[in-house]
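Residue strings, one per chain:
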Amino acid sequence: MDLARAVAYSRYAQRCLAARPALRDTLEATLAVPFDVPAAAARLPTAAPALGPALRDLRTRALLGTLLRDLTGRADLAEVGATMTALADAALAHALAAHDRELATVHGAPRGSDSGERQSLIVVGMGKLGGGELNVSSDIDLVFVYPEEGETDGARSIANREYFDRLGKRLIATLAEVTADGFVFRVDMRLRPYGTSGPLTTSFAGLETYLVTQGRMWERYAWLKARAITGESHDELDALIAPFVFRKYLDYDAYEGLRDLHRQIREQGARRDAQANVKLGDGGIREIEFIVQAQQIVRGGREPDLRARGTLPALAALAERDLLPHSSAATLRDAYVFLRNVEHRLQYRDDAQTHHLPADPGELAWLAETMGTDAAGFTRALAQQRRAVSVTFGETFAEADEPATVSTHAGVDGYAALWLDPRLDDADEPAALADAGFADPPALVALLTRVRASARYQQLPAVSRERFDVLVPRFLAAAAEQPGLSGAQAVFERLLALLESVARRSAYLALLIEHPPLLPRIATLMSASAWAAEYLTRYPLLLDELLDAPALLAEPSWDEWRSELAQRLGEFPGDTEQGMDVLRHFQHAQTFRLLAQDLAGHLTVERLADHLSALADIVLDGALAACWACLKAVDAPAPRFAIVGYGKLGGKELGYVSDLDIVFIFDIADDDPDADAHEIAYTRLAQRLNTWLTSTTPAGPLYDTDLRLRPDGAKGLLASSLRGFVRYQREQAWVWEHQALTRARFVAGDAAVGAAFEAARQEILTQPRDPAHLVAEIVAMRRRMAAGHANPTPLFDLKHDDGGMVDIEFTVQCLVLGHAHRHRALTRNAGNIALLHLAAELDLIARPLAHAVADAYREYRRLQHQVRLTGAEQARVDPLPQIGRREAVTTLWAQVFGGAWRDAGSR
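K.L.:
Explain the pairing of strand β9 (residues 660–666) to me, using residue names and the numbers behind them.
P.N.:
Looking along a regular strand, one sees side chains alternate from face to face of the sheet. Burial of β9 is extensive: seven of the seven residues sit out of reach of the surface. The two faces of β9 match: Leu 660, Ile 662, Phe 664 and Phe 666 on one face and Asp 661, Val 663 and Ile 665 on the other face are all buried. The pairing of strand β8 (residues 641–646) with β9 spans six bridges and is antiparallel. In the sheet register, Gly 645 faces β9, and the bridge partner there is Ile 662. The pairing of β9 with strand β10 (residues 705–706) spans two bridges and is classified as parallel.

K.L.:
Any details on the side chain of Arg 56? Residues and values, ideally.
P.N.:
As for its placement among the helices and strands, Arg 56 is situated in helix α5 (residues 48–71). Looking at Arg 56, its side chain comes within polar contact range of the side chain of Thr 179, at 3.3 Å. Setting aside residues up to four positions removed in sequence, Arg 56 forms contacts with Thr 174, Glu 177, Thr 179, Asp 181, Gly 182, Phe 183 and Val 184.

K.L.:
Hey, could you go over the packing of helix α30 (residues 605–631) against helix α32 (residues 675–694) for me, with residue numbers and the actual values?
P.N.:
Here α30 crosses α32 at 125°, and the two axes come no closer than 9 Å. Relative to α32, the element α30 is oriented oblique. Seen from above, α30 lies across α32 with right-handed handedness. Together, Leu 620, Ala 623, Leu 624, Ala 626, Cys 627, Trp 628, Cys 630 and Leu 631 of α30 and Ala 681, Tyr 682, Arg 684, Leu 685, Arg 688, Leu 689, Trp 692 and Leu 693 of α32 make up the contact between the two elements. Looking at the contact of α30 with α32 residue by residue, the classes come out as 14 nonpolar, no polar and two charged.

K.L.:
Please provide a residue-by-residue account of the pattern of salt bridges, values included.
P.N.:
All told, the structure shown has 49 salt bridges when counted by the stated rule. Residue Glu 564 is joined to Arg 568 by a salt bridge in which the shortest nitrogen-to-oxygen separation is 2.8 Å. With Glu 564 and Arg 568 both in helix α28 (residues 558–570), this residue pair falls four residues apart, about one helical turn. Overall, Glu 564 belongs to the partly exposed group, its relative accessible area being 23%. Three or more residues are tied together by salt bridges with common partners; here these are Arg 11, Arg 15, Arg 349, Asp 350 and Glu 363.

K.L.:
Lay out the packing of helix α18 (residues 412–420) against helix α22 (residues 462–480) with the relevant residues and their values.
P.N.:
Closest axis-to-axis distance for the α18/α22 pair is 8 Å, and the angle between their directions is 125°. With respect to their mutual orientation, α18 and α22 come out oblique. Every pair of crossing elements has a handedness; the one defined by α18 and α22 is right-handed. Taken together, the residues of α22 that come into contact with α18 (itself represented by Val 412, Tyr 415, Ala 416 and Trp 419) are Phe 468, Asp 469, Val 472, Pro 473, Arg 474, Leu 476, Ala 477 and Ala 480. Taken together, the residues of the contact of α18 with α22 break down into ten nonpolar, no polar and two charged.

K.L.:
How would you summarise α30 if you had to cite specific residues and measurements?
P.N.:
The end-to-end C-alpha distance of α30, which contains 27 residues, comes to 38 Å, matching closely the 39 Å that a straight helix rising 1.5 Å per residue would cover. The element α30 is extensively covered by neighbouring structure, given that 21 of its 27 residues are classed as buried.

K.L.:
Pulling in residues and values, what's your account of the side chain of Asp 100?
P.N.:
Relative to the helices and strands, Asp 100 is located in helix α6 (residues 77–107). On the basis of relative accessibility, which here comes to 15%, the residue Asp 100 falls in the buried class.

K.L.:
Let's hear about the nonpolar core: which residues, and what values?
P.N.:
Counting residues in each nonpolar core, the largest one holds 116 residues, and the members touching the most others are Leu 55, Leu 92, Val 124, Ile 140, Trp 223, Leu 237 and Phe 378. At twelve residues, α6 tops the list of elements feeding residues into this core. Contact partners of Phe 378, with chain neighbours within four places excluded, come to Phe 338, Val 342, Leu 357, Leu 364, Leu 367, Ala 368, Met 371 and Thr 373. Core analysis: the next-biggest nonpolar cluster, separate from the first, contains 103 residues, Tyr 535, Ala 589, Leu 624 and Ala 686 among them.

Reading guide: rules and limits
- Each chain has its residues counted from 1, running along the sequence as written.
- Where local features are concerned, this predicted model is filtered to residues with pLDDT of at least 70; where side-chain atom pairs are given and counted, the filter is 80 or more; whole-chain, interface and lining totals use all residues.
- Each side-chain value is worked out from all heavy atoms of the structure, with water and hydrogens disregarded.
- For each residue, the accessible area found with a 1.4 Å probe, counting protein chains only, is set against the maximum for its type, and the residue is called buried under 20%, exposed over 50%, and partly exposed in between.
- To qualify as a helix, a DSSP run of H or I must reach at least 4 residues; to qualify as a strand, a run of E must reach at least 2; elements of each kind are numbered from the N terminus.
- Should DSSP find at least two bridges between two strands, the strands are regarded as paired.
- For this analysis, a polar contact is any N or O atom pair within 3.5 Å, provided that within protein one partner can donate a hydrogen and the other can accept it, and provided that sequence-adjacent residues contribute only side-chain to side-chain pairs.
- Throughout, a residue-residue contact means that at least one pair of heavy atoms, one from each residue, lies within 4.5 Å.
- Simply put, an axis is a line fit to the C-alpha atoms, just over the touching stretch for a helix, and the angle between two N-to-C directions goes from 0 to 180 degrees.
- Oblique is the label for every angle not falling under 35 degrees (roughly parallel), over 145 degrees (roughly antiparallel), or within 65 to 115 degrees (roughly perpendicular).
- By convention the crossing between two helices is left-handed if the near helix lies anticlockwise of the far one by an angle smaller than a right angle, and right-handed if it lies clockwise.
- Here the term charged refers only to Asp, Glu, Lys and Arg, the term nonpolar to Ala, Val, Leu, Ile, Met, Phe, Trp, Tyr, Cys and Pro, and the term polar to all other amino acids, Gly among them.
- One side-chain nitrogen of Lys or Arg within 4 Å of one carboxyl oxygen of Asp or Glu is enough to make a salt bridge.
- In a helix, the anticipated span is given by 1.5 Å times the number of residues less one.
- Each nonpolar core is a collection of buried residues, namely Ala, Val, Leu, Ile, Met, Phe, Trp, Tyr and Cys, held together in the definition by side-chain atoms within 4.5 Å.

Shown next as structure tokens:
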């Protein structure tokens, strides 16, 4: 559309240009660039009487320039919203400053009663103003707050509340006054505490009291976009508002309120007079905003980067986190831009706050032309966009109170009757329960009776108890559907343990009710593994991971893990408490995803160990960086500090509950004048890091660590210099410490220090050793270890018994230490199986025997993992199936060690 047609379309533009013909030349000369609000505002008068006319003139020029740039295709939606928001911000700031100066000359400056500091009125922009996406003819929704009560310090002193009330009234009058030249902005103050019946201005304390005691669900939406425009203490205000809008954890309790709002929106959209409304009608702007804001409300407490105030930035953040399918996010983005453009064109016509499509064919044709099409094409495009929004809206807020899709033997209703009155009066009931998989019906009834009579259940709040009553029958039904070896009764007992653990946290109960498909997934997981059931019960926050089955089973990406953790830690720089919780939430979530993939049969034991080891590496690296930022500064140079992994971490054989055997190493240049200070800093870093790793916070534990492999063991320094570490390994280390070094690797921290460690490791491992002394030392260590892990059962201990995993590991370590001086390839940290094959290729051991022992080690690890998933503390199995494997292992041991270990007498 050319400029002439644009002017012809906007009756508002025609009126302005008729009243002020000179504006046409100015507009034509400046049309190529966006209207510069800050530059224009800098020329505003400072005296209050002159400010009103000047602001009305500024609005006229800004709106005319923006609407003509938009209609002629020079401005996009982002520019229009940003220009109008900047205009409102400037008008508020200048008008407030002018009236504040006037009032202060009469009454003095308002002072805080506690701090004595000068108090300023903070104008909070709500809605689209707060989000930086203001409409061209919109009201501005405002709330007025100030930090402290007190009095002004002038001769005619008044209370701060009265001062700011007067100031607010003058501000509103300046903006909203309508003259022949128009107005600046219509002002809506109804979002303030207590609405129109409340005071015009509120102190921080008054606002906080209101939000905590009176705040409703819809007000959480209103405050979601709140943005302080004037005054100071913005961070303090944000900290006050955030806990009201965003809960600390995932806020599934919000679903009931969300559903009520959803119904209201749908009912409003279905009204006949709303069908032509692009904002409130079915598939309109409000539905897009609600989809986005609902996700922000539920998840913004855990994920601060979702707290973007603008709709499009928030939509992008949701897509980036895969909280909305990318296709849905793209659909909503395109529809939002389309509908907002239509909304602006409706308002350009007469500078009226309207969202209604014209019924007149001629008006509709005009509107279509501004959208680059004809009436028929526009109608089709509009219907397509609104239909897409409506479908997404309906899918996102599908009614959660629909009947659960759980088929059962006895039916949920039958289980509900059993829960409400746990008795077996009918002679057929025990048989029916047994047929459903419940092995001991009387014990089941006794369990239900105990739970109903327990203080924990009786003392639940009414809403939580109602939810509990809904969930128990569903859990019984879900348990009955499990075909696994655990049996329905064992599965139900695990489900019930989860339910009892979360009973006082109503958000989790809401989650389980709002998402019926979640129950079969939980039951399947708990049927597969007692340890998995215990893990989920310990960390119920992980229930959220089960909502998205495809994401749960997606192949892990270590690079994505690293980026995600760095991003989340970056949201809380220098914050110890938040940083520790971020690490724990991240590690628990990724471990749970791996657990789900493991139980689904998607991972071998070796691949699982690779992932768990990589996860530990990434968490250690993130923890190290975060600790250093807390000790020093966020922008401090990275420390020359490395973490070395030993044992299962070093060998990349980590399990779900493995300790981390780690050593801290730092490097200081010979000529460093601050060497002592750096050594102290690195020691403090090691202490802080170990505390971060091992402390139990409200988010749970992270890892248990074992630091005894450092030089001089538990008596040694917590962190070692690289030079001191190498000297110790060369001159003082025992053979068993060199055994441990065969599985050591750099896992986190400074790569240069890590490379220096690896070079030193290879140099130490390739030293020539006396074979007889080496064998004697390793055999002695094996005997000491056996004495400390006696097995009183007839079962075979996969790790510690003769012919088990420790024998294989010690054999490999002996081969490495005894032959690496001639075969450097043996120093590779490739794992026991790969090193056994390498030793065979080097003709150090017989190939058939090497393959047999490698297969035995692989099978032992698989069995050990299988046993661990049952929750057993010791990995002990029936010895008969393992006879052949044990014979292969002991045969290899005898060849390498000369039979010394077997001669010692062992199981």
